Amino acid sequence: MNKQQQPIAATYLLLVLYCVIVSLGPLLFLFTTAVSTADPLTGEVIRYDLSNFEEVFYDSYYAVQIGYTLGLVAGITVVTLGLAVPLTLTIARLKNRARSAWVVMLLASLALSEVLTAFAWQLLLSQSSGIPGWLSYSGIISGDKAWWPSFPAMFVVLVYFSLPIAMILLLPAIRRLDPSLNESAYTMGFSKTSVFFLVVLPSLRGPIFQTGILTFLLNIGGFVISQQLGKPSDWMFAVFIADFMRTFNVPFAVALSFCLLIAVLLCLAVAQLIFGRKPIEAS
Amino acid sequence: MAFPPQDPSINWYVNFFADPSWTSSLFNSVLIAVVSSVFATAIALATALLMWRRQSKLNQSLVGAVSLPFLLPGIVFAVSISLVTAFLGLLGSLAGIILGHTALLVAIPLVTARLGLGQVEQIHVEAAKLMGYSERQILTKLVIPIIRPYLVAGALFALIISMNEYIIAFMVSGFSIETLPIKIYNSQRYGFEPTLSVGTMVYMLFSLIVLSYIAATGKLWSLLGIKE
């Protein structure tokens, strides 16, 4: 090995070591802990078996909860995409300065953590200082109830949380759209709605799919918003995992995480099969 | 709290900066964010340079492996990295949270570094080689100056996300360390006080200032993959 190759070999070695610790290690620990049973008093592993998974699938409770969470997150993804595409199209057509301001605002709200987003929305939906308070004060509504915790509040905030990332991911693809395609369609007499559904959406099929996957992944692992703004019956699966971690039932929490991971991978595989195929080209 | 607001003042801001539990949480968040964004950027730079030098399967696998934590569901990665930190004896330490955040964030500067490397013209690299520059000189005198704004932007994005990250910090902190998001979450759950809103405002302003800086440097569009 010559002198120039030595730093490269050292970099490879360090990166491989790093990957073992942060990428391979976590998955390995996830699997081994999920199949371990610890002594409740000492916390030491006493045996390796599938009892945690047997407990998870003892009845249909956790399977139903995973199904509910996957369905909820799929719904959030669809609504987010439904809002993100037209909104991003509007922002993409703005002048440079206005577009920059919008992008900075989107990135700023994208960077905000679930905790801060949930807290801000709790204030906004509270009776004492939020929208219900304003409406009640101005006589538009009567009553003194906060709008959270509730399923609609949780759903709206989860969509709000996902919207900036979806828009930021869609913006480059929308800016790359060839305007001559739309112009040709208008020349041929197509209406704005027809152009949107027949030209714009098919051209954005790939980016919309990728954005949908990332939006899905972003939401499936979160728990703060659903716990803070939803009722216990609305909570997502990650809340159970976090609660079992809080109460030191680590192997069971890990088994639940493992099940969630497998369910997510299966969903992504199905989504790839259904939506990820390239459209058949017209001959 | 009441609507309409009564007796407006900056008392809650004074409270925030006078209360050691809030300031120490803020300090922990800043420290973790700065260190982990620097580490994440260094790892991302090394990975991106290897990939730029040669697009082999090994290098592609490295890119995938360092990006994996970002692609896993948040709770799954948080749980699994807490197991790793427990094994390494880092549970409940700043170092553990820094490890978790570094792992999560590498993907961000990696994307920006690769965008920056895309701007390096191969013809310039060849010219430098013809002029007798060594690989190290090409790296330090040609490549790094070109990609520096992209690295800075990637590091700043990572910094903001680390400052705001809750789930990993919560899982790895082991109830012994409070970052600002953990402090805000705990305060929300165990009794509301308007000082919380000050913490939120501090974060919003910090994010807006950093992102406005990135926009002002003129690299925002190319960082988002948009050609103007």
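Residues numbered from 1 in each chain as written. Chains lettered and ligands numbered in written order. Predicted model: local features only at pLDDT ≥ 70, side-chain atom pairs only at ≥ 80, totals over all residues. Heavy atoms only, no water.

1. Digging into the overall build of chain B
Then comes step 1: The helix and strand tally for chain B stands at twelve helices and zero strands.
Then comes step 2: Traced from its N-terminal end to its C-terminal end, chain B shows the element sequence α-α-α-α-α-α-α-α-α-α-α-α.
Then comes step 3: For chain B, the proportion of its 228 residues judged to be buried stands at 51%.
Then comes step 4: Taking contacts inside chain B between residues at least 6 apart in sequence as the whole, the part at least 24 apart equals 78%.
Then comes step 5: Accessible surface computed for chain B: about 10400 Å², of which carbon and sulfur atoms make up 65%. (Helix = DSSP H or I, 4+ residues; strand = E, 2+ residues; numbered from the N terminus. Buried < 20%, exposed > 50% of the residue type's maximum accessible area, 1.4 Å probe, protein only. Contact = heavy atoms within 4.5 Å. Areas by Shrake-Rupley, 256 points an atom, 1.4 Å probe, with all protein chains shown as cover.)

2. Some remarks on the overall build of chain A
Then comes step 1: Per the secondary structure count, chain A includes 13 helices and two strands.
Then comes step 2: In terms of overall dimensions, chain A is more spread out than a globule: its C-alpha atoms have a radius of gyration of 24 Å, far above the 19 Å expected for 283 residues.
Then comes step 3: Once the C-alpha set of chain A is aligned to its principal axes, its extents read approximately 75 × 75 × 45 Å.
Then comes step 4: Taking all 283 residues of chain A together, 47% fall into the buried category.
Then comes step 5: Expressed as a percentage of contacts within chain A between residues at least 6 apart in sequence, the contacts between residues at least 24 apart total 65%.
Then comes step 6: Accessible surface, chain A: about 14800 Å² in total, of which carbon and sulfur atoms supply 69%. (Rg over C-alpha atoms; globule rule 2.2 N^0.38 Å.)

3. A short note on the layout of surface pockets
Regions of empty space are outlined by a rolling probe, equal in size to a water molecule, passed over the atoms.
Then comes step 1: By volume, the largest pocket is sized at about 1600 Å³.
Then comes step 2: Together, 46 residues line the largest pocket, and Leu110 and Ile165 of chain A together with Phe70, Ile108 and Ile161 of chain B are the ones closest to its centre.
Then comes step 3: A breakdown of the residues in the lining of the largest pocket according to their chemical character gives 33 nonpolar, ten polar and three charged. (1 Å grid on protein atoms, 1.4 Å probe; cavity = no way out; pocket = protein on both sides within 12 Å on 5 of 7 lines; lining within 4 Å. Points joined across faces, edges and corners; volume = space filled by probe spheres on them. Nonpolar A, V, L, I, M, F, W, Y, C, P; charged D, E, K, R; others polar.)

4. Comments concerning the pattern of salt bridges
Then comes step 1: Applying the stated criterion across every chain yields a total of three salt bridges over all chains.
Then comes step 2: The closest approach of N and O atoms between Asp49 of chain A and Arg47 of chain A, which form a salt bridge, is 2.6 Å.
Then comes step 3: The exposure class of Asp49 of chain A is partly exposed, given its relative accessible area of 23%.
Then comes step 4: Look at Arg47 of chain A and you get partly exposed, because its relative accessible area is 40%.
Then comes step 5: Ionic pairing is found between Glu135 of chain B and Arg53 of chain B, a salt bridge with its closest N-O pair at 3.4 Å. Placement of the pair is Glu135 of chain B in helix α8 (residues 135-164) and Arg53 of chain B in helix α2 (residues 20-53), with a sequence separation of 82 residues.
Then comes step 6: Among the residues examined, Arg53 of chain B registers a relative accessible area of 44% and is labelled partly exposed. (Salt bridge = Lys/Arg side-chain N within 4 Å of Asp/Glu carboxyl O.)

5. Let's talk about the environment of Gly132 of chain B
Residue and element names in this part refer to chain B.
Then comes step 1: Secondary-structure assignment places Gly132 in the loop between α7 (122-130) and α8.
Then comes step 2: Exposure remark for Gly132: the relative accessible area of 57% places this residue in the exposed category.
Then comes step 3: C-alpha of Gly132 to C-alpha of Ala44: the two residues are 88 residues apart in sequence and 28 Å apart in space.

6. Structural notes on the interface of chain A and chain B
Then comes step 1: With 65 residues of chain A in contact, the opposing surface of chain B contributes 67 residues.
Then comes step 2: Summed over both partners, the interface of chain A with chain B buries about 5600 Å², with 77% contributed by carbon and sulfur atoms.
Then comes step 3: When the area that chain A buries against chain B is broken down by residue, the three leading residues are Tyr12, Tyr18 and Phe119 of chain A, summing to 11%.
Then comes step 4: Linking chain A to chain B there are zero salt bridges.
Then comes step 5: At the junction of chain A with chain B, the criterion picks out five residue pairs in polar contact (both at pLDDT 80 or more).
Then comes step 6: Ranked by residue count, the leading element in the side of chain A that touches chain B is helix α1 (residues 5-34) of chain A, at 16 residues.
Then comes step 7: By residue class, the composition of the side of chain A that touches chain B is 43 nonpolar, 17 polar and five charged. (Buried area = accessible area lost by both parts, 1.4 Å probe. Polar contact = N/O pair within 3.5 Å; in protein donor to acceptor, adjacent residues only side chain to side chain.)

7. Things to note about the packing of aromatic side chains
Then comes step 1: According to the stated counting rule, one finds 19 aromatic pairs over all chains in the structure shown.
Then comes step 2: Taking the centre distance of 6.2 Å and the plane angle of 50 degrees together, the rings of Phe223 of chain A and Phe170 of chain B count as tilted. Of the two residues, Phe223 of chain A sits in the loop between α10 (205-220) and α11 (224-229) while Phe170 of chain B sits in helix α9 (residues 167-173), which places them in two different chains. Neither Phe223 of chain A nor Phe170 of chain B differs from the other in exposure class; each is buried.
Then comes step 3: Their ring planes at 45 degrees and their centres at 4.8 Å tell us that Tyr166 of chain B and Tyr185 of chain B sit as a pair that is tilted. Taken together, the positions of Tyr166 of chain B in the loop between α8 and α9 and Tyr185 of chain B in helix α10 (residues 180-189) put the pair 19 residues apart, joining distant regions of the chain.
Then comes step 4: For Tyr185 of chain B, a relative accessible area of 1% puts it in the buried group.
Then comes step 5: Each member of the aromatic cluster is reached from another via a ring pair, and the members are Tyr61, Tyr62, Phe237, Phe240, Phe244 and Phe252 of chain A. (Phe/Tyr/Trp six-rings, centres within 6.5 Å; stacked < 30°, edge-to-face > 60°.)

8. A look at the packing of α1 of chain A against α2 of chain B
Each pair of packed helices gets described by two things: the angle between the helix axes and the distance between those axes.
Then comes step 1: Running from N to C, α1 of chain A and α2 of chain B point in directions that differ by 125 degrees, and their axes come no closer than 11 Å. As judged from the angle between their axes, α1 of chain A and α2 of chain B are oblique. Classified by chirality, the crossing of α2 of chain B by α1 of chain A is left-handed. Across from Ile8, Thr11, Tyr12, Leu15 and Tyr18 of chain A in α1 of chain A, the residues of α2 of chain B making contact are Ile43, Ala46, Thr47, Leu50 and Arg53 of chain B.
Then comes step 2: Residues of the contact of α1 of chain A with α2 of chain B, tallied by class, amount to seven nonpolar, two polar and one charged. (Axes fitted to C-alpha atoms, helices over the stretch in contact; angles between N-to-C directions. Parallel < 35°, antiparallel > 145°, perpendicular 65-115°, else oblique. Left-handed = near helix turned anticlockwise from the far one by under 90°.)

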